[in-house]
Amino acid sequence: VLQVSKYMRLIQPIILCLILLLSSLPMDTVSAESQTVCCDSNAIELHLLGPANAGMMTPFDAELGSEAEEVAITDAVAQEQMLAEWSISPAWPGEFPSSTWEFDIQYEVKNAGGAQINASVEVMIGGETHTGTTDASNSFLPAGSSVLSISIPVDSGSISGSSSITVTLKAQTVVFSVPSGDAGLFFRWGTADDDSSINANI
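Now for a quick tour of the structure. Computed from a predicted model, the values in this text were never measured in an experiment. (Residues numbered from 1 in each chain as written. Predicted model: local features only at pLDDT ≥ 70, side-chain atom pairs only at ≥ 80, totals over all residues. Heavy atoms only, no water.)

1. Looking at the overall build of the protein
Across its full length, the protein holds one helix and 12 strands. Residue burial in the protein is summarised as follows: out of 202 residues, 37% are buried. Intrachain contacts of the protein at a sequence separation of at least 6 include 82% that bridge at least 24 residues. Just so you have it, the protein exposes about 12,100 Å², and 54% of that area is on carbon and sulfur atoms. (Helix = DSSP H or I, 4+ residues; strand = E, 2+ residues; numbered from the N terminus. Buried < 20%, exposed > 50% of the residue type's maximum accessible area, 1.4 Å probe, protein only. Contact = heavy atoms within 4.5 Å. Areas by Shrake-Rupley, 256 points an atom, 1.4 Å probe, with all protein chains shown as cover.)

Here is the structure:
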């Protein structure tokens, strides 16, 4: 019994030293960190398809049809009027930077020297709306066929899996220059010949 007691007295300091040594060692802590999986933004062209009241957008030009959709303005416009709207629910969530999106739509002015237009394009991403308007450089549309281009400054943001992008074309005023009795302004989209689109960075 005396020998065991003597042995215990000798080993106790060693055990104490081992405990102190182990307690001073760094220990790895396991923590759950949230990770956001997203992709880099890219320039993409979204082609306009479908009727003016229920249009859609697609990145695939193979989906362009054989018959163009059209919205016509045959009288002067004196107050804001929605001309067409297109939407897409993208399957690629992620963040996008501040950039300028470019909206291009085919048009034709018939039986008039031209058309003076005050128009706007609204881009709604989730709950955020970004607007571009015509200015002195693109507000007069000469007779014949060409393209109306409107730039839309878009602030940075993010697209979730449930977000949608909606593009709305509106006219605030339209006045025909030297019109005949059947003057008209026609916007067209949806075919290879009348390929209208918006160039985005998402």
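Having seen it, we continue.
2. Let's talk about empty space enclosed by the protein
Remark: the empty space left among the atoms is shown by a probe the size of a water molecule rolled over them. Within this structure, the stated rule accounts for one cavity of 30 Å³ or more. Taken as a whole, the largest cavity spans an internal volume of roughly 40 Å³. The leading source of residues in the lining of the largest cavity is strand S5 (residues 94–96), at three residues. Partitioning the lining of the largest cavity into residue classes produces six nonpolar, two polar and two charged. (1 Å grid on protein atoms, 1.4 Å probe; cavity = no way out; pocket = protein on both sides within 12 Å on 5 of 7 lines; lining within 4 Å. Points joined across faces, edges and corners; volume = space filled by probe spheres on them. Nonpolar A, V, L, I, M, F, W, Y, C, P; charged D, E, K, R; others polar.)

3. Considering the nonpolar core
Most often, soluble globular proteins keep nonpolar side chains buried together rather than apart. Grouped together as the largest cluster of nonpolar side chains are 43 residues, with contacts concentrated most on Trp86, Phe103, Leu185 and Phe187. Those elements giving two or more residues to this core turn out to be strand S1 (43–49), strand S3 (69–73), strand S4 (81–88), strand S6 (99–125), strand S8 (140–154), strand S10 (165–177), strand S11 (184–189) and strand S12 (197–201). Sort the elements by how many residues they give to this core and S6 lands first, with 12 residues. Those residues in contact with Phe187, other than ones at most four positions away along the chain, are Glu69, Glu70, Val71, Ile73, Leu83, Ile105, Gln106, Tyr107, Ile117 and Leu148. (Core = buried A, V, L, I, M, F, W, Y, C linked by side-chain atoms within 4.5 Å.)

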